[in-house]
Structure formats: C-alpha cells, structure tokens
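Each chain is listed here by its residues.
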Amino acid sequence: KGHFQNAYVTHDLDDALAGIDRRFGKIDWIVFEPDMELITPSGIKQSSVKAALGWHDGHQLEVIQPVRGYCDHYLPALPADKTDPTPRFHHIAVRRDDEAAMRAEIERLGLPLEFEGSVPGLVFIYLDARKELSA
C-alpha cells in the first residue's frame, strides 16, 4: 500500500531524461546531485548520484545516475554497455508519513536491509524483496 514512485537507473541522466520526454511528453524534472551517507549492513558508506524527479499521470518517476562512492546497489540493474543511457527499472517506493510506524512495519516484514539514509526532508530505507516476490 502507498505505492508512490517507480525508479530507474541509467549511465547518463541527461540522455535518459531526454528519451523519456520524447516518448511520453515533456516532464518538468527536478534535478539534484546529493552526496549521501548511507547506513548499510556492513557500515557507513558515502554515495553520490545525479537524480531527477518528475510527475507523469499522478505518479512520480525517479531516474538515478550513480556517480561515485558506494553504488553497488545500482550496478546490477545498469546495462553492461556504459554508453547505453536507457533507463532500467530499479525500485518502487512506498510513502509513509510516520517514521516510527514505518520502522515498525519494516520490522514486521522481516526483509533484508540494503541501506538507509536521508536527504533534507526525506528518510529512505531500501529493502530487498526479490526473494519474497519471486517465491
């Protein structure tokens, strides 16, 4: 419940956004380049990405280009050809307004934590549900 966003990864954010705009119509993208401190099961890691957020038919799209640091969680979804800017599906996001309730829900789910972090105004927690969804 609370499906909010589909997110994609790419080798080239500008080309990926241009391709999406050509195919689906111009989206007013908000582009940002956060340097993040991520909490992972193996410790704190630094990560930098270029990212864009936009809305299409009431649904948020996020496109992420890994830049440097800890980007291991993005790599399996990226094309092997580093010149291919095609955005590839990476994750869905669900939205919760109460962080304590969200953390309790995560505990009940029992899914493995990939990492968590924050940017101004947002706490994000990535869980790995692949085994659960493929069972």
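Check the entry above for the structure.
Reading guide: rules and limits
Residues numbered from 1 in each chain as written. Predicted model: local features only at pLDDT ≥ 70, side-chain atom pairs only at ≥ 80, totals over all residues. Heavy atoms only, no water. Core = buried A, V, L, I, M, F, W, Y, C linked by side-chain atoms within 4.5 Å. Buried < 20%, exposed > 50% of the residue type's maximum accessible area, 1.4 Å probe, protein only. Helix = DSSP H or I, 4+ residues; strand = E, 2+ residues; numbered from the N terminus. Contact = heavy atoms within 4.5 Å. Expected span 1.5 Å × (residues − 1). Polar contact = N/O pair within 3.5 Å; in protein donor to acceptor, adjacent residues only side chain to side chain.

Caption draft 1: Focus on the nonpolar core. Among the nonpolar cores identified, the biggest contains 13 residues, and L38, V49, I64, Y74, F124 and Y126 are the most heavily contacted of them. Looking at this core, the elements with two or more residues in it are strand 3 (35-40), strand 4 (43-56) and strand 8 (122-127). Sequence-distant contacts of L38, that is, excluding residues within four places in its chain, are made with G43, I44, K45, S47, Y70, H73, F115, E116, G117 and F124. Residues I27, W29, L61 and V63 belong to the second largest nonpolar core, which totals nine residues.

Caption draft 2: Quick look at helix 1 (residues 13-24). In this model helix 1 runs 16 Å from its N-terminal to its C-terminal C-alpha over twelve residues, within 8% of the 16 Å that 1.5 Å per residue would give. In the core, the buried residues of helix 1 are packed alongside strand 2 (30-32), strand 4 and strand 5 (59-69). By the N-cap criterion, in which a side-chain oxygen at the helix start approaches the backbone nitrogen of a residue two or three places on, helix 1 is capped by D12, the distance to D14 being 3.1 Å. G25 sits one or two positions beyond helix 1 and adopts a positive phi of about 100°.

The quantities given are spatial measurements derived from coordinates; they are silent on function.
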